[in-house]
Amino acid sequence: MQQRSNNRYDARLKRVTDYIYDNLDQDIDLLRLAEIACMSPFHWHRIYQAVYGETIAATVRRLRLARAASDLTNTNKPVQQVAERAGFQNVQSFTRLFKKHYGIPPAKYRECGSHARFSIPFDEMEADMYNVTVDNFPALRVATIPHKGDYMNVGSAFDKMFSSLDPQTIDWSRNRTIGIFLDDSEAVPTEKLRSFAGVTVGFDHAIKSPFQEFELPAARYAVLRHKGPYTDIRKAYSWLFEQWLLNSDEEPGNSPCFEDYLNNPRDVPATELLTDIYLPLAPKIG
C-alpha cells in the first residue's frame, strides 16, 4: 500500500470515501460528494485524485466490481442481477468491464476464477499448488483503525489509516500494511464483525489518536500466500482451516488471524494482488 500524506483535505475526503462505501447501491452524484467534502464542485475531484491516486469514478468502479466479484464467488445470484447491483443497465457492458479488470467474463469467473482452486480436495492437489509455510515470527506492534461491519468495507478504515499517518514516522521499507480480523464471517452476523486496518510500528513508536494499539504475539504461524482478488480470500480461509489444518498435525493458536498486503489495489489489477494470510498455531509440545 502507498502512504498518504497528512494535509488539510484528509478529513473531508474521508467523509467522501465513507459515503461511497455506504451508498454503492445508489447513484453517486458528484455535486453531492462536493457538498460532503465542503469543496468547490469545480475542483474537488482533482484534489481527490491528487490525494488518492485515482479518479472518483475509478474508485466507485473498482469498489462495485470488487463487490460483484464477491457476489459471483459467494452467492448464486444470476449474472444479470449482479450486473444491476453493480450499476450496469445491461450484462454486455458489465461483462466487458469485468473482463478488463479480472481477466475473464463474469460467468467464467464464477465457474473457474482464482477462487475455484480452493474447491480441489486436499489429497488431489499438486504439491506446489498451495504451499503453506510454517515458521516462528516475532511479535508485531500495530497502529490500527477499527472497523465494524462487513469485511468487504474494511477499505474505508484503510483509507482513514493512510490519511491519518504522519509520513515522517513511517519507513515503508520496513513497515507493513496489516489487516486483523477477530471474527468468523460464517458464524458472526455481518453487522457485528470486528476488524482493524493497521500498519506495523516499532515498540518505541508513540501511537496517537485516532490510532489504537494492537499487539500480535510472537508465535508459530502457518502462512498462505494468496494471489488474486481480495474477494477470494474468504475461500482461502475456508481451504486453510477445512483442508490444510485438518490434514496437518497442527492446532490453531489463541490469537487472531491477520493479513499482510504486499501490493496496492490502486496500483495493480485485482488478479495480481498478493496477500499473505497468517494463521497462528499452538506451540508444539515436546
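This one's a predicted model, so the numbers in the text were calculated from it and none came from an experiment. Starting afresh in each chain, residues are numbered from 1 along the sequence in its written order. Whole-chain, interface and lining totals are the exception, using all residues; otherwise, since this is a predicted model, local features are given only for residues with pLDDT of at least 70 and side-chain atom pairs are given and counted only at 80 or more. Only hydrogens and water are set aside; all other atoms, that is, all heavy atoms of the structure, feed into the side-chain values.

Engineer: Explain the overall build of the chain residue by residue, including any values.
Structural biologist: Helix and strand assignments follow DSSP, with helices taken as H or I runs no shorter than four residues and strands as E runs no shorter than two, numbered in order from the N terminus. When helices and strands are counted, the chain shows nine helices and eight strands. All radius of gyration figures rest on C-alpha atoms, and the globule criterion is 2.2 Å times the number of residues raised to 0.38. Compactness check: the chain gives a C-alpha radius of gyration of 20 Å against a globular reference of 19 Å for 286 residues, within 12% of the reference. Along the first, second and third principal axes, the C-alpha atoms of the chain reach 70 × 50 × 35 Å. Partly exposed residues are those whose accessible area sits between 20% and 50% of the maximum for their type, while under 20% is buried and over 50% is exposed, using a 1.4 Å probe and protein chains only. Looking at the chain residue by residue over its 286 residues, the buried ones come to 46%. All accessibility values rest on the Shrake-Rupley procedure with a 1.4 Å probe; residue burial counts only the protein chains present in the view. For the chain, the accessible area works out to roughly 14,900 Å², and carbon and sulfur atoms hold 49% of it. Just so you know, the count uses Lys and Arg for positive and Asp and Glu for negative, and it drops His and the chain ends. The atom standing in for a charge is NZ when the residue is Lys, CZ when it is Arg, CG when it is Asp and CD when it is Glu. Counting 34 positive and 37 negative side-chain charges, the chain places the centres of these two groups 7 Å from one another.

Engineer: Give me the pairing of strand E2 (residues 140-148): which residues, what numbers.
Structural biologist: In terms of burial, E2 is a largely internal element, seven of the nine residues being buried. Bridge count between E2 and strand E5 (residues 212-216): five bridges; the pairing is antiparallel. Paired with Arg141 across the two strands is Glu215, which belongs to E5. Strands pair, by our definition, only if DSSP identifies at least two bridges between them. Relative to strand E4 (residues 194-201), E2 runs antiparallel, the two sharing eight bridges. Its bridge partner being in E4, Arg141 is matched across the sheet by Val201.

Engineer: Tell me about the packing of aromatic side chains, residues and numbers included.
Structural biologist: Between rings of Phe, Tyr and Trp, where Trp is taken as its six-membered ring, a pair exists when centres lie within 6.5 Å; planes separated by under 30 degrees are stacked, by over 60 edge-to-face, and by other angles tilted. Under the defined criterion, the tally for this structure stands at 15 aromatic pairs. The interplanar angle of 70° and the centroid separation of 5.6 Å between the aromatic rings of Tyr230 and Tyr261 together place this pair among those described as edge-to-face. With a gap of 31 residues between them, Tyr230 in the loop between strand E6 (219-227) and helix H9 (233-245) and Tyr261 in strand E7 (residues 257-261) connect regions that are remote in the sequence. Taking the relative accessible area as the measure of exposure, Tyr261 reaches 7% and is therefore buried. Three or more aromatic residues joined by ring pairs form one cluster here, namely Phe88, Phe94, Phe98, Tyr102 and Tyr109.

Engineer: So what about helix H1 (residues 10-22)? Which residues, and what values?
Structural biologist: Here the expected span of a helix is defined as 1.5 Å times the quantity of residues minus one. Between its terminal C-alpha atoms H1 stretches 18 Å, which fits the 18 Å expected from 13 residues at 1.5 Å a residue. Burial in H1 covers these residues: Asp10, Leu13, Lys14, Val16, Thr17, Ile20 and Tyr21. Angular distribution of buried residues about the axis of H1 spans 155°; they occupy a single face of the element. Turned more than 90 degrees off the buried face of H1, the exposed positions are Ala11 and Asp22. On the buried face of H1, the contacting elements are helix H2 (30-37), helix H3 (44-52), helix H4 (56-74) and helix H8 (155-164). The directions from the helix axis to the C-beta atoms are what the arc is built from. We call two residues in contact whenever any of their non-hydrogen atoms come within 4.5 Å of each other.

Engineer: Break down the side chain of Asn175 for me, citing the residues and quoting the values.
Structural biologist: With respect to the helices and strands, the residue Asn175 is situated in the loop between H8 and strand E3 (177-181). Any N or O atom pair separated by 3.5 Å or less is treated as a polar contact, with the protein-specific requirement of one donor-capable and one acceptor-capable atom, and with residues adjacent in sequence counted only for side-chain atom pairs. Of note is the side chain of Asn175, whose polar atom sits 2.3 Å from the backbone oxygen of Thr200. Here Asn175 is in contact with Ile170, Val199, Thr200 and Val201, once residues within four sequence places are set aside.

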